[in-house]
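# Results of the structural survey
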Amino acid sequence: MTAPNHNWRKFKNSFMQTLTFACAILVVTPLVLVFYHLIKEGFSSINLAFFTQLPKPEGEIGGGMGNAIVGTFVLLGQAAVVGVPVGVLGGVFLSEYGGTKLNWAIRFAADILNGVPSINWGIVVWGLLVVPMHTYSALAGGVVLGMMMIPLVMRTTEEVLQLVPGGYREAALALGISKWKTIVQIVIRTAMKGIVTGVLLALARVAGETAPLIFTALGNENWPHKLTEPIAAMPLQIYNYAIGPYNDQHRQAWAGAFVLLLLVLFINIGVRFLTRDRFKPKT
Amino acid sequence: MSTAANNPNTALTVRNLAVYFGANKVLKDVSIDVAARAVTAIIGPSGCGKSTFLRALNRMHELNPEARMEGEIKLFGDDIYSRNVEPVVVRRRVGMVFQKSNPFPTMSITENVTVGLRLNGVREKKILNERTEQSLRMAALWDEVKDRLHAPAISLSGGQQQRLCIARALAVQPEVLLMDEPASALDPLATQKIEDLILQLKRDYTIVIVTHNMQQAARVSDFTAFFYLGELVEFDATAKIFTSPSKKQTEDYVTGRFG
């Protein structure tokens, strides 16, 4: 009530305000730094050859990582084939069927899986596919990324399906439409943009995974031929070049990191674009 | 209530209906004959079981996994709870309109009207087009939307959306139409349109309507059932319920002394 007391309060207020603002800035700083370095070091190394050529033998100047770029897309395609159907249908089960206790257990398992270090996934698929097939392969790489997508896609699918108002389900069932058709034609259709968003974010998340690919896809100096052969991938190539001794490899590693970041960025921009007029239930 | 069960003037015969949600008995021993091609209103204070009663008539209450029923409901003589009857089939014969209008947001006006037919396997364009016009006309919406049938359904006003929902329910040609407070979220003009529509529809359809609005029950219905605490207190011709009810509870409620 007295003046000094008031000033102390004002000081505390502005101090806390500054502190929270500083922390908010701290959150954004790494992104700005990463971008700054990648553009500074990587942008100048990006040319047509980078996208279209194979790596040159060690020590030689030039070449590119076209095979790794193609490899990353091949791996992501396989990952989608494995991860999307299982993840989406699992999410449908959680949201539309399933009892409370069972759902709790599945959700719990999915959340744990989302937190499993990615290298563990690599070891699991190494044991499941690489050992029995006696070779590292693109297939194993795609499967491991797909398996990592499943819990992510499942949880986001469940969440967006839960956002669909129950009134639409009731209206469809009251028309004598079967439950399965109601789910596919009414509920999933209404939540489609949200589901696609979840899939894209999961793809963006696994696109940069390196550790699981060391155990599965291994990497390759040539263009991809068969799914049963080792395949190059951008994160692997970046890793190999970054720990290598040659300056030209470092240069290409920066460029690769920059392109990989751009890929993830474009996926995220695509998500923003999709969710721009995302379905909002009328209240 | 001594009408023979197979009387063609009786659409629904309800006998000793009880509905439980878990251990909670929300409807107790209800017996009613719902007259065909007439409007039957269900009135009563909140929580009296009137919505549950309505939903038991097309087995929609079964969406709640805790729900359990006893008793018997016959639709033109067919036991709708018989072991070999699928709820899906019951709901095709007994349509429903909800309190909150809920046209499917991803579909156009036409698609909303025909969705029940299309998802039950009707493919012929001609039938779908015919049924669209017919249903929209019956729902008194045709003149307002005939120039924009392919516009999104959610571009319509609230009252139009509710009439679209009625058209959608009519398109599958049910025998009975259940309405759960169909006008309670609408303004007076839109409400009047819905009420006019109900009076039109009863020429061809059996209508059961739940309403909180007693004037509305008096205006549109031929018969009125008064529910209180899960029990059917009184069921009679609407004129009788509102002028000289035989039970004191009914009189207190319709004159606004409680509830």
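Procedures and definitions
- Residues numbered from 1 in each chain as written.
- Chains lettered and ligands numbered in written order.
- Predicted model: local features only at pLDDT ≥ 70, side-chain atom pairs only at ≥ 80, totals over all residues.
- Helix = DSSP H or I, 4+ residues; strand = E, 2+ residues; numbered from the N terminus.
- Buried ≥ 20, exposed ≤ 12 C-beta atoms within 10 Å, placed from the backbone.
- Contact = placed C-beta atoms within 7 Å.
- Nonpolar A, V, L, I, M, F, W, Y, C, P; charged D, E, K, R; others polar.
- Expected span 1.5 Å × (residues − 1).
- Axes fitted to C-alpha atoms, helices over the stretch in contact; angles between N-to-C directions.
- Parallel < 35°, antiparallel > 145°, perpendicular 65-115°, else oblique.
- Left-handed = near helix turned anticlockwise from the far one by under 90°.
- pLDDT = per-residue confidence, 0-100.
- Core = buried A, V, L, I, M, F, W, Y, C linked by C-beta atoms within 7 Å.
- Pairing = 2+ DSSP bridges.

The next subject is the environment of Asp196 of chain B. Residue and element names in this part refer to chain B. Residue placement: Asp196 occurs in helix H7 (residues 188–201). For Asp196, a count of 13 C-beta atoms within 10 Å corresponds to the partly exposed category. In this structure the C-alpha to C-alpha distance between Asp196 and Ile73, which are 123 residues apart in sequence, comes to 29 Å.

Contact residues are listed per partner, giving 23 residues for chain B and 17 residues for chain A. Contributing elements (two or more residues each) for the side of chain B that touches chain A: helix H2 (87–93), strand S6 (94–97), helix H3 (109–118) and helix H6 (158–171) of chain B. At four residues, the largest contribution of residues to the side of chain B that touches chain A is made by H2 of chain B. A breakdown of the residues in the side of chain B that touches chain A according to their chemical character gives 13 nonpolar, six polar and four charged.

Next up on the list: helix H8 (residues 179–190) of chain A. Residue and element names in this part refer to chain A. The terminal C-alpha atoms of H8, which comprises twelve residues, lie 15 Å apart, in line with the 16 Å expected from a rise of 1.5 Å per residue. Every buried residue of H8 is accounted for by Thr182, Ile183, Ile186, Val187, Ile188 and Thr190. Of the surrounding secondary structure, the elements contacted by the buried residues of H8 are helix H3 (66–96), helix H6 (138–162), helix H7 (166–174) and helix H9 (192–207).

All names here are of chain B. Viewed as axis vectors pointing N to C, helix H4 (residues 125–138) and H6 meet at an angle of 130 degrees, and their least axial separation amounts to 8 Å. One way to sum up the angle between H4 and H6 is to call them oblique. Seen from above, H4 lies across H6 with right-handed handedness. Residues Arg131, Ser135, Leu136 and Met138 of H4 touch H6, and the partners they reach there are Ala167, Leu170 and Ala171. The residue makeup of the contact of H4 with H6, split by class, is five nonpolar, one polar and one charged.

A few words on the confidence of the model for chain B. Close inspection of predicted coordinates is inappropriate for parts of the model with low pLDDT. Considering every residue of chain B, the mean pLDDT works out to 93; 97% of them sit at 70 or more. Per the prediction output, this complex has pTM 0.86; the corresponding ipTM is 0.91.

Right, let's get into the nonpolar core. Among the nonpolar cores identified, the biggest contains 148 residues, and Ala217 of chain A together with Ile42 and Ile209 of chain B are the most heavily contacted of them. Residues within four places of Ala217 of chain A in sequence aside, it is in contact with Leu75, Tyr136, Ala138, Ala140, Gly141, Pro230, Ile231, Ala233 and Leu236 of chain A.

Residue and element names in this part refer to chain B. You will see that Asn16, though not glycine, has its phi angle at about 50 degrees, which is positive. With respect to the helices and strands, the residue Asn16 is situated in strand S1 (residues 10–21). Although it is not a glycine, Ala140 adopts a positive phi angle of roughly 55 degrees. Within the secondary structure layout, Ala140 lies in the loop between H4 and helix H5 (142–145). For Ala140, a count of 18 C-beta atoms within 10 Å gives the class partly exposed.

Next up on the list: the packing of helix H5 (residues 118–133) of chain A against H6 of chain A. The description of two helices packed together rests on the angle between their axes and the distance between the axes. Residues and elements named next belong to chain A. In contact at an axis separation of 9 Å, H5 and H6 are set at 135 degrees when each is read in the N-to-C sense. Accordingly, the angle class assigned to the pair H5 and H6 is oblique. Handedness of the H5/H6 crossing: right-handed. Contacts between H5 and H6 involve Ser118, Trp121, Gly122, Val125, Leu129 and Val130 on the former and, on the latter, Leu139, Ala140, Val143, Val144, Met147 and Met148. Class assignment of the residues belonging to the contact of H5 with H6 gives a composition of ten nonpolar, two polar and no charged.

With that out of the way, let us pick up the pairing of strand S10 (residues 231–237) of chain B. Residue and element names in this part refer to chain B. Across six bridges, the pairing between strand S9 (residues 223–228) and S10 is antiparallel. For Phe223, the partnering residue across the bridge sits in S10 and is Ala237. Where S9 folds back onto S10 in an antiparallel hairpin, the turn is made up of two residues, including Leu229, whose phi is positive at roughly 50 degrees.

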